[in-house]
Amino acid sequence: MRGSSRYSAFVRWFKIVLPLAALGLMSTIFLIDDDQIDLDLPPLSELSEGGRVTQSVLNADMSGRTDEGEPYRLVAESVQQLTDGMLLTMPRARLDTAEQGRITVVSQEGNYDGATNSLYLTEVVKVDVEEGSVQLRSDDLRIGLDTGALSILTPVDVEFAGGTLRADTARREGNLPLDDTIWFEGNVRLFVEGTPPHSEN
Amino acid sequence: QQAQPFSTFQHDPTQPLEVFSDTLGVSQAANTAVFRGSVEAVQGELTLTADEMTVTYDEATGDVVRLVATGDVFLKSLLETAEGQFADYMVAEGTLNMSGDAMLTQGNNALSSDEMRIDLNTGSGEFIGRVRTIFVPTSQ
């Protein structure tokens, strides 16, 4: 186990795949509060106070910079304003981070709940992190946008350079930064390729 | 002819590593990954099983620096089994310390002591503390 570069991938993925913690970063993109989306756009400006909303913004395209100055972009086929939240169809979010490179999050549907300030992505959720070629696949993903709480209730597949991780579910309690632990639960299986003989250092 | 004790405990990084467990907790802040519940780590001919295994890594390089296993820890090779309640593997040095009713079994023979130290690079080892040996004479 000593010094083998491929073996250190065993944990390097922890350092890199930890960008799952970056999922929390992604939450900055989804901070779709009033001042992020221009509510004065024609279709939305005529919303009746508290009424059932049917109008939506088509081909929403929003970009900006996070508090850390990292550029992000969020596009969705449609963003439908709900009484206390938003329904996004085919949301695609992209964040260019200094440490992990480009992170992209894609799903068929996204439901932003203003009451709990959480985002629920469903149906083929894909998270790709450039650094370490990390790819996470699941069928649901819920993020607490201000608490950092995270839960995946469907099987999780994570692939990274030189290995894979599988588990039935994943979660993180919402008390960042005290506890940033992401728990993968149920039939956890980590696989890391061996180190080719010549590349031992 | 029995193999030299510990000689089959040699680590082969060219082999893939697989770890199975009930849960895995990954913390970037603590630089740790904690495998819990029926933990089994297999690499080549070495298998480590335990109740819990905590991997600590170097923040800068991401390399494994230490691996601590607790609770019914067994390190098995094809011919030998080292067991104890606690195992501490310092990766850079390549040394694995086992304690808590440490015992090494090879076929029908067994050696036990307070603590055992195994060098996974050379396949050598030493017992620390009072050593008890059980040799089962082979039939004449």
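Here the residue numbers are simple positions, counted from 1 along each chain's written sequence. Chains carry letters and ligands carry numbers; both start at the beginning, A for chains and 1 for ligands, and go up in the order they are written. For a predicted model such as this one, the threshold for reporting local features is a pLDDT of at least 70, and the threshold for listing and counting side-chain atom pairs is 80 or more; totals across whole chains, interfaces and linings nevertheless cover every residue. Side-chain figures throughout are based on the complete set of non-hydrogen atoms in the structure, without hydrogens or water.

Now for the pairing of strand β8 (residues 124-128) of chain B. Only strands joined by at least two bridges in the DSSP assignment are considered to pair. Numbering of helices and strands runs from the N terminus, with a helix taken as a DSSP run of H or I at least four residues long and a strand as a DSSP run of E at least two residues long. Strand direction decides the pairing type here: strand β7 (residues 109-119) of chain B and β8 of chain B, joined by five bridges, are antiparallel. Each bridged residue has a counterpart across the sheet, and for Glu 115 of chain B the counterpart in β8 of chain B is Ile 128 of chain B.

The next point concerns the nonpolar core. The nonpolar side chains of soluble globular proteins are, as a tendency, buried together. In terms of nonpolar packing, the biggest core is built from 68 residues, with Phe 184 of chain A together with Phe 9, Met 53 and Leu 75 of chain B touching the most fellow members. Not counting residues within four places of it along the chain, the set of residues in contact with Met 53 of chain B comprises Val 19, Ala 33, Val 34, Phe 35, Val 39, Ala 41, Leu 48, Leu 67, Val 68 and Ala 69 of chain B. What makes a nonpolar core is a set of buried Ala, Val, Leu, Ile, Met, Phe, Trp, Tyr and Cys residues whose side-chain atoms join them at distances within 4.5 Å. Any residue under 20% of the maximum accessible area for its type is buried, any over 50% is exposed, and the rest in between are partly exposed; the area is computed with a 1.4 Å probe on protein chains only. Two residues qualify as a contact provided that any one of their heavy atoms is within 4.5 Å of a heavy atom in the partner residue.

Low pLDDT marks stretches whose predicted atomic positions should not be read closely. The pLDDT value tells you how sure the predictor is about a given residue, anywhere from 0 up to 100. Looking at chain A as a whole, its pLDDT mean stands at 72, while 70% of the residues score no less than 70. In this model, residues 1-54 of chain A is a region of pLDDT below 50 whose contacts with residues beyond four sequence positions or in other chains number 154 contacts.

The subject of this paragraph is unusual backbone geometry. Located in the positive-phi region is Glu 123 of chain A, a residue other than glycine, with phi close to 65°. Its place among the elements puts Glu 123 of chain A in strand β7 (residues 118-129). The backbone phi angle of Asp 72 of chain B is positive, close to 45°, even though this residue is not glycine.

Residue and element names in this part refer to chain B. Looking at the secondary structure, you find Pro 5 in the segment before β1 (17-27). Along the backbone, Pro 5 and Ser 124 are 119 residues apart, and their C-alpha atoms lie at a distance of 7.3 Å. Ignoring any residue separated from it by four or fewer positions in sequence, one finds Pro 5 in contact with Glu 80, Leu 104, Gln 106 and Gly 123.

Here the idea is simple: oppositely charged side chains can pair when their charged atoms come close. The rule for a salt bridge is simple: a side-chain nitrogen of Lys or Arg has to be within 4 Å of a carboxyl oxygen of Asp or Glu. Following the criterion strictly, the structure yields nine salt bridges over all chains and no others. Of the charged contacts in the structure, one is a salt bridge between Asp 88 of chain B and Arg 66 of chain B, with a shortest N-O distance of 2.5 Å. A residue pair is termed long-range when its members are at least 10 positions apart, and Asp 88 of chain B in strand β5 (residues 80-90) and Arg 66 of chain B in strand β4 (residues 64-76) qualify at 22 residues. Salt bridges sharing partners connect three or more residues here, namely Arg 171, Glu 173 and Glu 185 of chain A.

All names here are of chain A. If you trace the backbone, Asn 117 turns up in the loop between β6 (109-113) and β7. Residue class for Asn 117 comes out buried when judged on its relative accessible area of 13%. At 2.9 Å, the side chain of Asn 117 forms a polar contact with the side chain of Tyr 112. Between N or O atoms, a polar contact is any pair within 3.5 Å; within protein, one atom must be a potential hydrogen donor and the other a potential acceptor, and residues adjacent in sequence are included only when both atoms are from side chains.

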